[in-house]
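Remarks on the overall topology
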Amino acid sequence: MERVKVYDKNGVPANTGVGVFARVFIEHFPLLPVEDDGRLHDARLRENFIERVFAVARWQELLQQGRTRGRLVEFHARHKLLIMAHSPKHLTELGRLVAAAKDYPPKDLYQRYHALLMTALKPMATVRKQCNVLQHVMGYFKKQLSPDEKQELLETIEQYRRGTIPLIVPITLLNHYVRKYGPADRTVGEYLAEQYYLHPHPAELSLRTHL
């Protein structure tokens, strides 16, 4: 994708090129997530890439079901927190697009949404943005959590912010509260339980253990 050696007329190399296959592939499939294999040793780059791969898989499943405005609204609702962790700005743009869904033919609507979605997920989900989402999710439990549970969750988020613990710890705690309080609370049970932010890829990959 980048830093490929290009030799000048004197045979002196400079790491300024792009691989021929990679260049053509990216030009033909601009919305597909791509990454140099060497860069996948970085935990954040690896998680970002694989997260986008699974988002593409879910998008393909949506297309197979048929392009309807209702299905797109549901798809967007389940991805809101995930998008927020990457780009709040694009979350707003996507929300406006979905709200105006009736103004577009289904094919045009889906094309616009797909392009915006992949653009939104490309920026790294920084610690600051992750903490913002974690605190946002915590707000859904303001009536259910006991004072001790609230304090524990706040401390866990703060420890993650400081780099003491990985992202998987506050995520696991939030998933615990979803299971605990979801049956008695419709918002928690039907909204948070369906959020891909809390489970964007198989747990067996252990990607968030290194973030």
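This report concerns the structure included in the present document. (Residues numbered from 1 in each chain as written. Predicted model: local features only at pLDDT ≥ 70, side-chain atom pairs only at ≥ 80, totals over all residues. Heavy atoms only, no water.)

Moving on: helix α2 (residues 43-65). For α2, spanning 23 residues, the distance from its first C-alpha to its last is 33 Å, which sits close to the expected 33 Å at 1.5 Å a residue. Sitting at the head of α2, Asp42 places a side-chain oxygen 2.9 Å from the backbone nitrogen of Arg44. After α2 finishes, the residue Gly66 shows a positive phi value of roughly 110°. (Helix = DSSP H or I, 4+ residues; strand = E, 2+ residues; numbered from the N terminus. Expected span 1.5 Å × (residues − 1). Polar contact = N/O pair within 3.5 Å; in protein donor to acceptor, adjacent residues only side chain to side chain.)

The tally for this structure, following the rule as stated, stands at ten aromatic pairs. On the numbers, 6.1 Å between centres and 80° between planes, the contact of Phe75 with Tyr113 is edge-to-face. Of this pair, Phe75 sits in helix α3 (residues 69-86) while Tyr113 sits in helix α5 (residues 106-121), and the two are 38 residues apart along the sequence. An aromatic cluster is defined as three or more aromatic residues linked by ring pairs; in this entry it consists of Trp59, Phe75, Tyr110 and Tyr113. The ring of Tyr196 has Arg58 sitting right over it, with the charged end atom 4.0 Å from the ring centre. Sitting above the plane of the Tyr197 ring, Arg208 keeps its charged end 4.9 Å from the centroid. (Phe/Tyr/Trp six-rings, centres within 6.5 Å; stacked < 30°, edge-to-face > 60°. Lys NZ or Arg CZ within 6 Å of the ring centre and 35° of its normal.)

As a rule of thumb, non-glycine residues mostly have phi less than zero, and peptide bonds are mostly trans rather than cis. The backbone phi angle of Arg3 is positive, close to 60°, even though this residue is not glycine. Mapped onto the secondary structure, Arg3 falls in the segment before β1 (4-7). According to the relative accessible area criterion, Arg3 is exposed, its value standing at 51%. Phi at Ser206 is positive, roughly 55°, even though this residue is not glycine. Looking at where Ser206 falls in the secondary structure, it is placed in the segment after α9 (186-191). The partly exposed category is assigned to Ser206, whose relative accessible area is 34%. (Buried < 20%, exposed > 50% of the residue type's maximum accessible area, 1.4 Å probe, protein only.)

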